[in-house]
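Analysis of the macromolecular model
In case you want the letters, here they are:
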Protein chains: 2
Amino acid sequence: MNQLRLDPTRGEWVAYATHRQERTFLPPAEYCPLCPTKPGGFPTEVPRSSYEIAVFENRFPSFSSDAEGPDGSPEGFFRSAPGRGVCEVVLYSERHDATLASMSERHIENLVRVWADRYGELGAREDVEYVFIFENKGEAVGVTLHHPHGQIYAYPFVPPLPGREIELAREYLKRNGSALHTDLLAAEKSDGRRLVVEGEHFTAFVPFFARYPYEVHVYARRESALSVADLSAGESRDLARVLKRLLLGYDALFGFSLPYVMAMHQAPTDGGDYRGVARFHIEFYPPNRTGDKLKYLAGSEVGAGAFIVDALPEETAARLQAAVPSEPGTEEGT
Amino acid sequence: MNQLRLDPTRGEWVAYATHRQERTFLPPAEYCPLCPTKPGGFPTEVPRSSYEIAVFENRFPSFSSDAEGPDGSPEGFFRSAPGRGVCEVVLYSERHDATLASMSERHIENLVRVWADRYGELGAREDVEYVFIFENKGEAVGVTLHHPHGQIYAYPFVPPLPGREIELAREYLKRNGSALHTDLLAAEKSDGRRLVVEGEHFTAFVPFFARYPYEVHVYARRESALSVADLSAGESRDLARVLKRLLLGYDALFGFSLPYVMAMHQAPTDGGDYRGVARFHIEFYPPNRTGDKLKYLAGSEVGAGAFIVDALPEETAARLQAAVPSEPGTEEGT
């Protein structure tokens, strides 16, 4: 059952997917459903003995392309709609214990290409208005499978946060005649204190208004890069390099593989014109305040929407700067 | 250091409070700083040997009435402001292991009166635009002290979620000539499937658009009840009764004292006219999907703002209905 319901007190769709109650929950490594299928072994999600990167439809999807019609009314207080859309799983590597940080730049670059391919194909669908590429990493953010993977939700609506960002960028463009993300990035570069990694085409920084102590945004510098599919070969290569340096920095600073939520913001695929309004960027939200303490989203955050942060972005950025390698470390195998 | 910074990509203030890094973290029960000070014992936050309900200023406040001026610029991308406001702690009971569910109706009624008193006093301050009364309960939502207590954040701005709700209610009133919350409650009562507790003046229900499987909203039925301070004696008594029944139901259904975030939504105190637009109500968000599985806010929720729920409100409401006592159980001591 995939259904959407409208919350008239927030103006947002909420998605229901009841079959997700049954999803696989932290299986032991030897029963990992995301590893390659070993000859003579049990069949995993990937019916091959080896793979570099693999994409398949989520067996427990939050949205489904064959979702049936609403059982509520289309109008009034009980507005509902079929939860149409697509949910894909992107396996980063066949190696069960790999992480983005441990993968070679070349491998990450291929992953960027896979993301671009999926953005293009899913975004071209009639029922998809937004392609959201993300990763939940670590039990602290609720992952149910440890094998390195990201996800893609192809929503039938533009979700609230990217929607709000685009709305504000549109107002900004109208008012100032320039792009919000371009000016914001210029201001961060000019200030300099919160920059974490400077690549050839991408810049990673702790934003002035970070909601998590170690939140980092990775911005494409080119204004016309509206989505991952717009990246040139050189930009894809640079993104891979900047991501690897950032993630090596995270892990070096904490002394373990840092959990995070990774969220990609880019242009909706609803046919609108997003030039000067959307900008391809990736946001990382690690839940850790310290090595052993987490930032919980509690009363102020989930009940009022106001984030409280106990560390200044300038301080956490300085720690990250010191931990980021100037050149990525030894390239491990794919 | 208490500072606000504006996020121009979401149009929201983020609050920084660096001294909160040092806050007390899960001390053993015998060193509880929220218990009464025992004769000859170490001094707790309450310099008395006994109390019924106590309120004091948070020693690690997210907002402070003496916050100093901004160190960023007041305009442009780095807009900041002093994090002025007040943070209070409300001790529900001197009994270290009490919960709202275990307290007598009479005691909860007194707590409602304390909330009303604080709303009035904090809301009257020049620098306070919104009085947010809430409770984080249980380690699953990140509590750092187990002693039963709630909190009050008196914000210098109207926070995003209540702000959005009021904005939509204002549009609704303009369009329909009636109050959003009144019509929504009438629709829920007419449908009936999601009602959990019906009191004389309050109704508790799992909303049609619940974001958490066991989310419950407790609405004042009277349209002119804009805040907790507007409640009559009879309404306060009924609220206590409805809350106790709901919370006994939660605990009976799960077989343990259920963690939750409790968030009170009511009229801002910024001098505006909120008649027909704000409605006093309390929202409960328990993190549990089942007895041993939690709902995590991950990629879709924190990166895109789109909630995915794996249970239908009609189903969870039916379970809660069966678990709620028709009359509150034996009244325990205060």
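It should be emphasised that the depicted structure is a prediction, and the values quoted were computed from it without experimental measurement. (Residues numbered from 1 in each chain as written. Chains lettered and ligands numbered in written order. Predicted model: local features only at pLDDT ≥ 70, side-chain atom pairs only at ≥ 80, totals over all residues. Heavy atoms only, no water.)

A short note on the overall build of chain A
Here is the rule: Counting from the N terminus, the helices are the DSSP runs of H or I reaching at least four residues and the strands are the DSSP runs of E reaching at least two. All radius of gyration figures rest on C-alpha atoms, and the globule criterion is 2.2 Å times the number of residues raised to 0.38. Note on exposure labels: buried denotes an accessible area under 20% of the residue type's maximum, exposed denotes more than 50%, and partly exposed covers the range between, all computed with a 1.4 Å probe on protein chains only. We call two residues contacting when some pair of their heavy atoms lies within 4.5 Å. The protein chains shown are the only cover counted for residues, whose accessible areas, like all others here, come from Shrake-Rupley with a 1.4 Å probe. The positive count covers Lys and Arg only, the negative count covers Asp and Glu only, and His and the chain ends enter neither. To locate a charge, the coordinates of NZ of Lys, CZ of Arg, CG of Asp or CD of Glu are taken.
Counting secondary structure elements, chain A contains six helices and 13 strands. Computed over the C-alpha atoms, the radius of gyration of chain A is 20 Å, within 12% of the 20 Å expected from 2.2 N^0.38 for a compact globule of 334 residues. Its C-alpha atoms give chain A principal-axis dimensions of about 60 × 55 × 40 Å. Residue burial in chain A is summarised as follows: out of 334 residues, 62% are buried. Excluding contacts between residues fewer than 6 apart, the proportion of contacts in chain A whose partners are at least 24 apart in sequence is 67%. Carbon and sulfur atoms provide 48% of the accessible area of chain A, an area that totals close to 12500 Å². Of the charged side chains in chain A, 35 are positive and 48 negative; the average position of the first set lies 2 Å away from that of the second.

A short note on the interface of chain A and chain B
Stated precisely, the cut-off is as follows: For this analysis, a salt bridge means a side-chain nitrogen from Lys or Arg found within 4 Å of a carboxyl oxygen belonging to Asp or Glu. Pairs of N or O atoms are called polar contacts if they sit within 3.5 Å, as long as, within protein, a hydrogen donor faces a hydrogen acceptor (for residues adjacent in sequence, only side-chain-to-side-chain pairs). Classification used: nonpolar for Ala, Val, Leu, Ile, Met, Phe, Trp, Tyr, Cys and Pro, charged for Asp, Glu, Lys and Arg, polar for all others including Gly. In short, DSSP must find at least two bridges between two strands for them to pair.
Facing the 82 residues of chain A at the interface are 82 residues of chain B. For the pair chain A and chain B, the number of links is six salt bridges. Notably, a salt bridge pairs B:Arg5 with A:Glu314, separated by 2.9 Å at the nearest N-O pair. Summed over the shared surface of chain A and chain B, the result is 28 residue pairs in polar contact (both at pLDDT 80 or more). With seven residues, helix 2 (residues 160-176) of chain A is the single largest residue contributor to the side of chain A that touches chain B. Of the residues assigned to the side of chain A that touches chain B, the class counts are 47 nonpolar, 14 polar and 21 charged. Bridge count between strand 13 (residues 308-309) of chain A and strand 2 (residues 12-17) of chain B: two bridges; the pairing is parallel. In the sheet register, A:Val309 faces strand 2 of chain B, and the bridge partner there is B:Tyr16.

Considering the sheet that holds strand 2 of chain B
Read from one edge to the other, the open sheet built from four strands follows the order 13(A)-2(B)-1(B)-4(B), with strand pairing classed as mixed. Edge positions in the open sheet fall to strand 13 of chain A together with strand 4 (80-82) of chain B, since each of these has one partner strand only. Taken together, the six bridges between strand 1 (residues 2-7) of chain B and strand 2 of chain B define a ladder with antiparallel strand orientation. Looking at the pairing, B:Leu4 lines up with B:Ala15 of strand 2 of chain B.

A short note on the relation of the copies chain A and chain B
Which entries qualify depends on this criterion: Alignment of copies: least-squares fit on C-alpha atoms of residues with pLDDT of at least 70 in both copies.
Superposition of chain A onto chain B requires a rotation of 180 degrees combined with a translation of 0.0 Å along the rotation axis, giving an RMSD of 0.0 Å. Considering both components of the superposition, the chain copies are consistent with a two-fold axis. Closest approach to the rotation axis within chain A is made by the C-alpha atom of A:Leu297, at a distance of 4.1 Å. In this assembly, 100% of the residues forming the interface of chain A have copies in chain B that are likewise at the interface, indicating an isologous arrangement.

Structural notes on the state of the cysteines
Rule in force here: Throughout, a disulfide means two cysteine sulfur atoms within 2.5 Å of one another.
Evaluated as defined, the whole model comprises zero disulfides over all chains. Here A:Cys87 stays free of any disulfide, with the sulfur of A:Cys32 as its closest cysteine sulfur at 19 Å.

Quick look at the pattern of salt bridges
Under the counting rule described, the total for this entry stands at 44 salt bridges over all chains. The salt bridge involving A:Arg125 is made with A:Asp127; its shortest N-O contact spans 3.2 Å. When the shortest N-O distance is used, the salt bridge between B:Glu105 and B:Arg241 registers 2.9 Å. One end of the pair, B:Glu105, is in helix 1 (residues 105-123); the other, B:Arg241, is in helix 4 (residues 233-254), and 136 residues separate them in sequence. In this structure B:Arg241 comes out as partly exposed when scored by relative accessible area, which is 31%. Connected through salt bridges with shared partners, the residues A:Arg5, B:Glu188, B:Asp191, B:Arg193, B:Arg194 and B:Glu314 form a single ionic network.

Section: the side chain of B:His147
All names here are of chain B. By the secondary structure assignment, His147 is in the loop between strand 6 (130-137) and strand 7 (149-155). A distance of 2.7 Å separates a polar atom in the side chain of His147 from the backbone oxygen of Ser93. Ignoring any residue separated from it by four or fewer positions in sequence, one finds His147 in contact with Cys32, Leu34, Cys35, Tyr51, Ser93, Glu94, Arg95 and His96.

Structural notes on the UniProt feature "domain: Galactose-1-phosphate uridyl transferase C-terminal" (unreviewed entry) in chain A
Rules: UniProt positions are given in the numbering used here, feature names are shortened, and annotations may be inferred rather than shown by experiment.
The positions UniProt marks with the feature "domain: Galactose-1-phosphate uridyl transferase C-terminal" (unreviewed entry) are residues 167-321 of chain A. Its end C-alpha atoms 32 Å apart, residues 167-321 of chain A is made of 38% helix and 17% strand.

Let's talk about the packing of aromatic side chains
Two numbers describe a pair of aromatic rings. These are the distance of the centres and the angle of the planes. As a reminder of what qualifies: In this scheme Phe, Tyr and Trp rings, the latter by its six-membered ring, pair at centre separations within 6.5 Å, and the angle between planes marks the pair as stacked below 30 degrees, edge-to-face above 60, and tilted otherwise.
Under the definition given, this model contains 38 aromatic pairs over all chains. Both rings, one in A:Phe63 and one in A:Tyr155, keep their centres 5.2 Å apart while their planes meet at 75 degrees; by these two values the pair is edge-to-face. Here the residue A:Phe63 occupies a position in the loop between strand 3 (54-57) and strand 4 (80-82), and A:Tyr155 occupies one in strand 7 (residues 149-155), the gap between them amounting to 92 residues. Each of the two residues, A:Phe63 as well as A:Tyr155, counts as buried. An angle of 50 degrees between the planes, with centres 5.8 Å apart, marks the rings of B:Tyr31 and B:Phe42 as tilted. You can see B:Tyr31 sitting in the loop between strand 2 and strand 3 (54-57) and its partner B:Phe42 sitting in the loop between strand 2 and strand 3, a full eleven residues away along the chain.

Looking at the pairing of strand 5 (residues 86-91) of chain B
Residues and elements named next belong to chain B. Most of strand 5 sits inside the fold, with six of its six residues counted as buried. Residue alternation in strand 5 divides its side chains into two sets, Val86, Glu88 and Val90 and Cys87, Val89 and Leu91, and both sets are buried. The pairing of strand 3 with strand 5 spans four bridges and is antiparallel. Directly across from Ala54, in strand 5, lies its bridge partner Leu91. As paired elements, strand 5 and strand 7 share six bridges and run antiparallel to each other. Bridging from a neighbouring strand, Leu91 pairs with His149 of strand 7.

Observations concerning the layout of surface pockets
Formally: Site definitions follow a grid-based scheme: protein atoms alone, a 1 Å grid, a 1.4 Å probe that fits but cannot get out for cavities, and for pockets an open set with protein on both sides within 12 Å along at least five of seven lines, plus lining residues having an atom within 4 Å of a point. Grid points are joined across faces, edges and corners, and a volume is the space filled by probe spheres set on the points.
Of the volumes computed, that of the largest pocket is approximately 1200 Å³. Lining the largest pocket are 44 residues, with A:Glu12, A:Leu161, B:Glu12, B:Pro160 and B:Leu161 positioned closest to its centre. Of all the elements in the fold, those that place two or more residues in the lining of the largest pocket are strand 2 (12-17), helix 2 and helix 5 (299-304) of chain A together with strand 2, helix 2 (160-176) and helix 5 (299-304) of chain B. No other element matches the six residues that helix 2 of chain A contributes to the lining of the largest pocket. Residue composition of the lining of the largest pocket, grouped by class: 25 nonpolar, six polar and 13 charged.

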